[in-house]
Amino acid sequence: MDIVSAHDRPNTVAEAIGIQEALRGLVDPEDRCPQEIVTVTGLDVAYDEGSGLIAAAAVTLETSGFSVVEQRTVVSEVSFPYEPGLFAFRELPPLLEALRALDHPPDLLVCDGHGLAHPRRFGLACHLGVVTGLPTLGVGKTRFIGEHGEPGRERGAKEPLVDDGEVVGMVLRTQDGVKPVYVSTGHKISLDNACRQVLRLSPAFRQPETTRHADRLARDALKEAL
């Protein structure tokens, strides 16, 4: 896959914000993904604040039975400070390196984070989508911005996530009676389709299978590195 890398590593917070402002106009919130999504890559990271290490994992699954097609991990030093709204700059370098190591580009990327549900409408999922050119969505475990009603308790119930009068995501119940997740468009996928894909990838648990696999792999890689 072609990955743009010129803006991976800003030196200051101001530079990072400037990059987000410059690139957010490239986000495409419409469906440009394959009609039949066969492979999905889950992305996640794990941190060890004591050592300053970050482990990134990319795991590609088949959507038919969630078997692992391929997986890659990268462990490196954190290269950007902790700044709310700028987590992408901590996570992008190792995540992109893990993606570059994949033998085959997937039909869709799913990241543990937000896309348009971001103060500057350019969260991690947007950034990953723009620099890779791949359809990307974000699934957050907690709300970052916006307000919403409480979705019904049944699987598939949802409520719009609204920030400053704009729908930036969807609060989606993936399992009956469990806490909802926060779904937002990253790039080349509509919000409605993103919700459909998240439900499809979450047959039994709150989080998509892609995220569950990537989370375990990142934690294991970090543990081995310490």
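Residues numbered from 1 in each chain as written. Predicted model: local features only at pLDDT ≥ 70, side-chain atom pairs only at ≥ 80, totals over all residues. Heavy atoms only, no water.

Structural notes on the sheet that holds strand E6 (residues 158-163)
Pairing in this open sheet of eight strands is mixed, and the strands run E3-E2-E1-E4-E5-E8-E7-E6 from one edge to the other. Both edges of this open sheet fall to strand E3 (68-77) and E6, since each of them pairs with a single strand only. Looking at each pair of strands side by side, their axes are set apart by 25° on average, direction ignored. Examined bridge by bridge, strand E7 (residues 166-172) and strand E8 (residues 181-187) share three bridges and lie antiparallel to one another. Bridge pairing links methionine 170 to valine 183 in E8. (Pairing = 2+ DSSP bridges. Helix = DSSP H or I, 4+ residues; strand = E, 2+ residues; numbered from the N terminus. Axes fitted to C-alpha atoms, helices over the stretch in contact; angles between N-to-C directions.)

Topic: the pairing of E3
Direction of pairing for strand E2 (residues 53-62) relative to E3: antiparallel, over a ladder of nine bridges. Bridge pairing in E3 links leucine 53 to glutamate 77. Linking two consecutive strands that pair antiparallel, namely E2 and E3, is a turn of five residues; a positive phi of about 60° is found at phenylalanine 66 within it.

Some points on the packing of aromatic side chains
All told, the structure shown has two aromatic pairs when counted by the stated rule. A ring pair is formed by phenylalanine 80 and phenylalanine 89, whose centres lie 5.7 Å apart and whose planes are at 45°; its orientation type is tilted. Across this residue pair, the class does not change: phenylalanine 80 and phenylalanine 89 are buried. Taking the centre distance of 5.1 Å and the plane angle of 45° together, the rings of tyrosine 82 and phenylalanine 87 count as tilted. Accessibility expressed as a relative area gives 55% for tyrosine 82, which makes it exposed. One cation-aromatic arrangement involves arginine 212 over phenylalanine 205; the distance from NZ or CZ to the ring centre is 3.7 Å. (Phe/Tyr/Trp six-rings, centres within 6.5 Å; stacked < 30°, edge-to-face > 60°. Buried < 20%, exposed > 50% of the residue type's maximum accessible area, 1.4 Å probe, protein only. Lys NZ or Arg CZ within 6 Å of the ring centre and 35° of its normal.)

Treat this as a map of the structure, not an account of what it does.
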